[in-house]
Amino acid sequence: MSRLAVHGETPVRDSMLPYGQQWIEEDDIAQVVRVLQSDYLTQGPVIQEFEKKVASYVSAKYAVAFCNGTAALHAACYAAGIGADDEVITTPLTFVASSNCVLYQGGKPVFADIDRRTYNIDPEQIEAKITSRTKALIPVDFTGQPTDMEKINAIARKFGLVVIEDAAHSLGARYQGSKVGAMADMTMFSFHPVKHITTGEGGVIVTDNEEYYQSMLLFRSHGITRDPKKLIDHQGPWYYEMHTLGYNYRMTDLQASLGLSQLNKLEMFLVRRREIAQLYNEAFEVMAGVDTPFQQPDAVSAWHLYILKLDPTQLRGSRKEIFEALRAENIGVNVHYIPVYLQPYYQELGYKRGSCPNAEDVYEQLITLPLYPKMTYSDVNDVIVAVDRVLEYYRLR
Ligand SMILES: *Cc1c(COP(=O)(O)O)cnc(C)c1O
């Protein structure tokens, strides 16, 4: 006998619980309103204030804010000097932006397979993919768990590569005692509403390298400079020069003001995320048919995503059936990610199915559960009850 909503029974919840969501309160709104009433909506003082605060939070020298995390990754690739035919090694188990930024610069993304335990890029697979054209590495801290930066930085030093860490999932995470943002040559954080803090859309690159910093400032604003020390000519006070082909990738002061307000709550958000992950771990560790997320002992995750791995040897339902059964219970489960090179656009470019077997295999078994700080204990309990009910039905006996 089935008790499942997918078979017509009453769902665990009345309304759909999303997998991620922002948390905006009155004080956030008041900060944005203050900027709306000020002289500058964009290119004002709040952006620099936000940049300073982000840099100081992760102990980096510089931060450059962008209109979104994807633009930030593009700027980092520009600053790293990625150009035509340069190869950049990244993970296939990520959002398409992690490798699209290489394509924007005319470079070639090369995918190295993942570690089956952490789901992060496997440093040994990176070494196997290095050629004379390799210029940079873009590791991704999948779900918020830092990649093995000690090994990745060692490889980068050995082969003279730039490391751009895609830390869209890992603001506030720690690796060997250091905060993410202090270890790679450049580190990107995203402020999309499902990420740790939000600016609506937004992103940032943090770095200790002044050359990268200057280069990204130029790239963010049409390639234009007004800095008297950098101008080739000096025609008058109106004068500016375009030195490179940049973009309009600026963040607005409205966004930065929301970011400043959200940053004050980051520690509380992280505490909530870790607490919910802990409740999930305790509940799911004892349930047959799923594996809870493996955590490296020398890292502290920022828990952007909580992902269960289904064990097909213990279940008679497919991932699709289990996914649909959980959605019917009004649990907004999701899947992160379709391996990037399986996307039609990448297939068209000639990337081959089968090239990263771990990522392709793991992808088939992953399911993302709702996780965000605003979730209530009752929401968390609904997820646990629904997973229990669905697994019980689909478990092999
Ligand atoms: C969110 C995200 C980005 C960048 O996203 P934007 O929406 O452009 O801010 C890049 N990489 C990963 C892994 C992400 O999750």
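Note that the coordinates shown come from a computational prediction; the quantities given were computed from them, not determined experimentally.

So, on to the UniProt feature "active site" (unreviewed entry) in the protein. This chain's UniProt record puts "active site" (unreviewed entry) on K195. Here K195 shows up in the loop between β8 (186-190) and β9 (203-207). For K195, the contacting residues outside a window of four places in its chain are A168, H169, S190, R273 and H304.

A few words on helix α4 (residues 97-104). Burial analysis of α4 places six of its eight residues in the buried class, which makes it a mostly covered element. Residues A97, S98, S99, N100, C101 and V102 constitute the buried set of α4. Packed against the buried residues of α4 are α3 (69-79), β2 (87-90), β3 (108-111), β4 (134-138), β5 (162-166) and α11 (344-349).

Regions of empty space are outlined by a rolling probe, equal in size to a water molecule, passed over the atoms. Counted as a void, the largest pocket has a volume near 860 Å³. Around the largest pocket sit 26 residues that line it, and Q48, L217, R220, S221 and I224 are the ones nearest its centre. Of the residues that constitute the lining of the largest pocket, the class distribution is 10 nonpolar, eight polar and eight charged. Considering only enclosed or pocket space, the second largest pocket measures out at about 350 Å³ in volume. What lines the second largest pocket is a set of 23 residues, and nearest its centre among them are T70, F95, S190, H192 and K195. Looking at the lining of the second largest pocket element by element, the count peaks at three residues for α3. Broken down by class, the residue content of the lining of the second largest pocket amounts to nine nonpolar, 11 polar and three charged.

The next point concerns empty space enclosed by the protein. For the coordinates displayed, the defined rule picks out three cavities of 30 Å³ or more. If you go around the largest cavity, the residues you meet are R117, T118, Y119, T143, Q145, P293, F294, Q295, W303, L305, Y306 and I307. Split by domain, the lining of the largest cavity shows at least three residues from each of two domains, domain 1 (26-263) and domain 2 (266-394).

With that out of the way, let us pick up the packing of helix α9 (residues 266-284) against helix α13 (residues 377-394). Two elements in contact, α9 and α13, have axes separated by 11 Å at closest approach and are oriented at 30°. Taken together, the axis directions place α9 and α13 in an arrangement best described as roughly parallel. Classified by chirality, the crossing of α13 by α9 is right-handed. Where α9 approaches α13, its residues R272, E275, I276, L279, Y280, A283 and F284 are matched on the opposing element by Y377, V380, V383, I384 and V387. A class-by-class count of the residues in the contact of α9 with α13 yields 10 nonpolar, no polar and two charged.

This brings us to the site of the ligand. Taken together, 16 residues surround the ligand, and among them G69, T70, D166, S190 and K195 come closest. The separation between an oxygen atom of the ligand and a polar main-chain atom of G69 is 2.8 Å. At a threshold of 2 Å from the grid points, most atoms of the ligand map onto the second largest pocket. Taken together, the residues of the shell around the ligand break down into six nonpolar, eight polar and two charged.

What counts, and where the lines are drawn
Residues take numbers from 1 onward in each chain, read along the sequence in its written order. Per-residue local features of the predicted model are confined to residues with pLDDT of at least 70, and side-chain atom pairs are confined, for both listing and counting, to 80 or more; whole-chain, interface and lining totals are unaffected and use all residues. Side-chain descriptors were evaluated using all non-hydrogen atoms of the structure, hydrogens and water having been removed beforehand. UniProt positions are given in the numbering used here, feature names are shortened, and annotations may be inferred rather than shown by experiment. A run of H or I in DSSP counts as a helix once it spans at least four residues, and a run of E counts as a strand once it spans at least two, with each numbered from the N terminus. Contacts are assigned to residue pairs with any non-hydrogen atoms lying within 4.5 Å of each other. Working definition: with a 1.4 Å probe on protein chains only, accessible area under 20% of the residue-type maximum means buried, over 50% means exposed, and in between means partly exposed. Grid points spaced at 1 Å over the protein atoms alone were grouped into cavities, where a 1.4 Å probe fits but cannot get out, and pockets, open sets with protein on both sides within 12 Å along at least five of seven lines, with lining residues defined by an atom within 4 Å of a point. Grid points are joined across faces, edges and corners, and a volume is the space filled by probe spheres set on the points. Polarity classes work like this: nonpolar for Ala, Val, Leu, Ile, Met, Phe, Trp, Tyr, Cys and Pro, charged for Asp, Glu, Lys and Arg, and polar for all others, with Gly in that last group. The split into domains, and so the bounds of each, comes from an automatic or database assignment of domains. Angular values range over 0 to 180 degrees, each being the angle between N-to-C directions of two axes fitted as lines to C-alpha atoms, with helices fitted over their stretch in contact. Note on angle classes: values under 35 degrees are labelled roughly parallel, values over 145 roughly antiparallel, values of 65 to 115 roughly perpendicular, and the remainder oblique. Note on convention: the crossing is left-handed when the near helix lies turned anticlockwise from the far helix by less than a right angle, right-handed when the turn is clockwise. Here a residue counts as near a molecule or strand whenever at least one of its heavy atoms sits within 4 Å of it. We define a polar contact as two N or O atoms separated by no more than 3.5 Å, with the added condition that, inside protein, one atom must be a possible hydrogen donor and the other a possible acceptor, whereas residues neighbouring each other in sequence contribute only through side-chain atom pairs. To qualify as sitting in a cavity or pocket, a molecule needs more than half of its atoms within 2 Å of the grid points.

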